[in-house]
Amino acid sequence: MSATQYDMFLLVLGIFGVLLVASLVGYVLQRRLSPDGSNAAIENLNSRINAWWVMAILIAIAFVAGRIGVLILFAFCSFAALREFVTLTNTRRADHWALATAFFVVLPVQYFLLWTEDYGIFSIFIPVYAFLLMPIIAVMRGDTQHFLIRISEVQWALMICVFCASHVPALLTLHIPGYEGRNVLLIAFLVIVVQLSDVLQYVWGKLFGRTKIAPNLSPSKTVEGFVGGVASATLIGAGLWWITPFTPIQAGVMALVITLMGFFGGLVMSAIKRDRGVKDWGHLIEGHGGLIDRLDSVVFSAPIFFHLTRYWWAA
Amino acid sequence: MRALIAKFAAEVVLLFARAVTAVRATWHESGLPRRRSVYFANHSSHGDFVLIWTVLPPRLRRRVRPVAGADYWLRSKLTSFIGRDVFNAVLIQRDRDERKDDPVAMMAQALDEGSSLIFFPEGTRNQTDAQLLPFKSGLFHLATAKPDVDLVPVWIANLNRVMPKGEFVPIPLICTVTFGAPMRLASGEAKEAFIERAHAALLALSPKQAGGSE
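Residues numbered from 1 in each chain as written. Chains lettered and ligands numbered in written order. Predicted model: local features only at pLDDT ≥ 70, side-chain atom pairs only at ≥ 80, totals over all residues. Heavy atoms only, no water.

**Structural notes on the nonpolar core**
Operational definition: Throughout this description, the term nonpolar core refers to a set of buried Ala, Val, Leu, Ile, Met, Phe, Trp, Tyr and Cys residues connected via side-chain atoms within 4.5 Å. Exposed residues in this analysis have more than 50% of their type's maximum accessible area, buried residues have under 20%, and partly exposed residues fall in between, with area computed by a 1.4 Å probe over protein chains only. Put simply, DSSP H or I for four residues or longer makes a helix, DSSP E for two residues or longer makes a strand, and each gets a number counted from the N terminus.
Membership of the largest hydrophobic core comes to 121 residues, with the highest contact counts inside it found for Leu158 and Phe189 of chain A together with Phe179 of chain B. Top contributing element to this core by residue count: helix α3 (residues 67-87) of chain A, with twelve residues. In terms of nonpolar packing, the next biggest core, distinct from the first, is built from 28 residues, Ile92, Met107, Val149 and Leu202 of chain B among them.

Right, here's the structure in full:
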């Protein structure tokens, strides 16, 4: 067993252990407080835990399948997220070809470019080529009503669901001296820190939450949950330094950046939901709403994490 | 062999419909529809009946037959294979002058054989800006012929945005199918009153659209 495989094995063991404990706690809580399935908070907790099992297993399978597995998994996530996002936009008939291009050209091309590992093109393909091409396709139809709103929505959808999301598998393209063949662990680090931060904010908030942090955006988020969640996720991130190319302190700082971006990303995505008058982005994941509801914080932290790591550590 | 291909085609259609629309049903609080019902729905896309067909549990799906225009489905070998073999449609002649069989009698017969029906009371695809066109009288005549069958209003949301008129590439968007309370023709209820009641029951299911601006 190589060092990478050994670390991965430990990590998987740890994650499954945590999920096992979570499932047990959920089971006991349900037996004690909600034997007839009437306590909504506990039912929601349990369906969340079950969904995490599914996510952990899917990611584990993708990791075993290697680079192509990870790319396919995230391409699928981008597709489902884009489908949820575009559903809530103001698009009109005249946007049909622009949208078709987003789904069936831009999305596959972006993931193909990641496969080629050519940073010079995959990092600018969407912001340069797609962003200029899409309004051109839309304008051909000659429908000017809400034109600025419509093209902005499609661009923002691509930015969030495809461009930002694709920066998770983009971590595989980095060449970090002394870290060869271990990049998949960077994805694990990012995903674990972001998801734990979400969970811990939820738990801290449920236990000690008093002061609402953003009552207009997300009434369930509290200052106590935010501080407790970010601090504990940062500590856990620092404790995971051994799977990263970072020192413990560097890993802690990275985890702090990731959790902060994730938190504010969640607020931004909540604001969009409020604007569109919906509670969840969709219904793909039982207990979590849509895929974007789970992905929002990863999406905001991935590009920053990618570029910080690339700037300071990559060769 | 033909039946096998039809079965396979049906699975492909199901998979495709789910991949593009991630369609989800919202059932009425009275639960899943009983076995023999007429689902009457808004009609804005050729895929409408496919979505209803997709969300019905397999047990109900096997017994449901869409009511569709013979002129549309019998125009080529492929479409008639899809219409007849894959979806087992009740094909009616919409043009009065070319009618050989009475459409209501054909639908009543299908119900007598134990099937449920998917029916579009607007009579044609809605390509206007109105949410719902006025109903033709078909639903009333069907309710008169089969007063003991549940009529279930079904609202299909968003599919018109997936594939607007004249486009052939579908845009993946999330669609929902909402089932309303089953209704029947009241004794002595006049045609206009019934049609109006059914129209209102269907329209009441339309969601306040979160997206789309047409």
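**A few points about the interface of chain A and chain B**
So the rule is basically this: Residues are treated as being in contact if the distance between any of their heavy atoms lies within 4.5 Å. By convention, the term buried area covers the 1.4 Å-probe accessible surface removed from two parts as they join, with the contributions of both added. Salt-bridge detection follows one rule: a side-chain nitrogen of Lys or Arg within 4 Å of a carboxyl oxygen of Asp or Glu. We call two N or O atoms a polar contact when they sit within 3.5 Å, provided that within protein one can donate a hydrogen and the other can accept it, with sequence-adjacent residues counted only if both atoms are side-chain atoms. Classification convention: Asp, Glu, Lys, Arg as charged; Ala, Val, Leu, Ile, Met, Phe, Trp, Tyr, Cys, Pro as nonpolar; all other residues, Gly among them, as polar.
Contacts between the two partners involve 22 residues from chain A and, on the opposite side, 23 residues from chain B. With both chains or domains summed, chain A and chain B bury close to 2000 Å², and 58% of this area falls on carbon and sulfur atoms. When the buried area of chain A at its contact with chain B is split by residue, Arg93, His96 and His283 of chain A rank highest and sum to 35% of it. Our enumeration of links across chain A and chain B arrives at one salt bridge. Linking Arg141 of chain A and Glu167 of chain B is a salt bridge whose minimum nitrogen-to-oxygen distance equals 2.7 Å. The tally of links from chain A across to chain B stands at nine residue pairs in polar contact (both at pLDDT 80 or more). Elements with a minimum of two residues in the side of chain A that touches chain B: α3 and α4 (96-116) of chain A. Classifying every residue of the side of chain A that touches chain B by side-chain character gives ten nonpolar, six polar and six charged.

**Considerations on the side chain of Asn126 of chain B**
All names here are of chain B. Relative to the elements of secondary structure, Asn126 occurs in the loop between β5 (116-119) and α7 (138-145). Overall, the relative accessible area of 9% leaves Asn126 in the buried class. Polar contacts involving the side chain of Asn126 include one to the main-chain carbonyl oxygen of Ala130, which spans 2.9 Å. Sequence-distant contacts of Asn126, defined by excluding residues within four places in its chain, comprise His43, Ser44, Gln131, Leu132 and Leu133.

**Considerations on the side chain of Glu167 of chain B**
Relative to the helices and strands, Glu167 of chain B resides in the loop between α8 (159-162) and β7 (176-179). Look at Glu167 of chain B and you get buried, because its relative accessible area is 14%. Polar side-chain contacts of Glu167 of chain B include one of 3.4 Å to the side chain of Trp97 of chain A. There is a polar contact of 2.7 Å between the side chain of Glu167 of chain B and the side chain of Arg141 of chain A. Sequence-distant contacts of Glu167 of chain B, that is, excluding residues within four places in its chain, are made with Arg93, His96, Trp97 and Arg141 of chain A.

**Digging into the UniProt feature "domain: Phospholipid/glycerol acyltransferase" (unreviewed entry) in chain B**
Applied cut-off: UniProt positions are given in the numbering used here, feature names are shortened, and annotations may be inferred rather than shown by experiment.
Sequence positions flagged by UniProt for "domain: Phospholipid/glycerol acyltransferase" (unreviewed entry) are, in local numbering, residues 37-159 of chain B. Structurally, residues 37-159 of chain B comprises 37% helix and 21% strand, and the distance from its first C-alpha atom to its last is 23 Å.

**As for the domain arrangement of chain A**
All names here are of chain A. The line we're drawing: An automatic or database domain assignment supplies the residue ranges for each domain.
Each assigned domain of chain A is listed here: domain 1 (1-65), domain 2 (73-173) and domain 3 (182-315). Distance from the C-alpha centre of domain 1 to the C-alpha centre of domain 3: 18 Å. Contact residues are listed per partner, giving 17 residues for domain 1 and 18 residues for domain 3. Both faces combined, the contact of domain 1 with domain 3 buries some 1600 Å², and carbon together with sulfur accounts for 74% of it. There are one salt bridge connecting domain 1 and domain 3. Residues Arg182 and Asp7 are paired through a salt bridge, measuring 2.8 Å at the closest nitrogen-oxygen approach. For the side of domain 1 that touches domain 3, the elements supplying multiple residues, two or more each, are α1 (3-33) and α2 (40-65). Among the elements that line the side of domain 1 that touches domain 3, the one with the most residues is α2, at ten residues.

**Structural notes on the UniProt feature "transmembrane region" (unreviewed entry) in chain A**
All names here are of chain A. The feature "transmembrane region" (unreviewed entry), as annotated in UniProt, sits at residues 9-29, 49-82, 94-113, 119-142, 154-172, 184-204, 225-243 and 249-272 in this numbering. Secondary structure over residues 154-172 splits into 58% helix and 0% strand, and the C-alpha atoms at its two ends are 27 Å apart. In the segment residues 184-204, helix accounts for 100% and strand for 0%; the C-alpha atoms at its two ends are 30 Å apart.

**A short note on α1 of chain A**
All names here are of chain A. Here is the rule we go by: Each residue after the first adds 1.5 Å to the expected span of a helix.
When the terminal C-alpha atoms of α1 are compared, their 44 Å separation across 31 residues agrees well with the 45 Å that a helix rising 1.5 Å per residue should span. Taken as a whole, α1 has its buried residues at Thr4, Asp7, Met8, Leu11, Leu19 and Gly26. Those residues of α1 hidden inside the fold are in contact with α2 and α8 (184-208).

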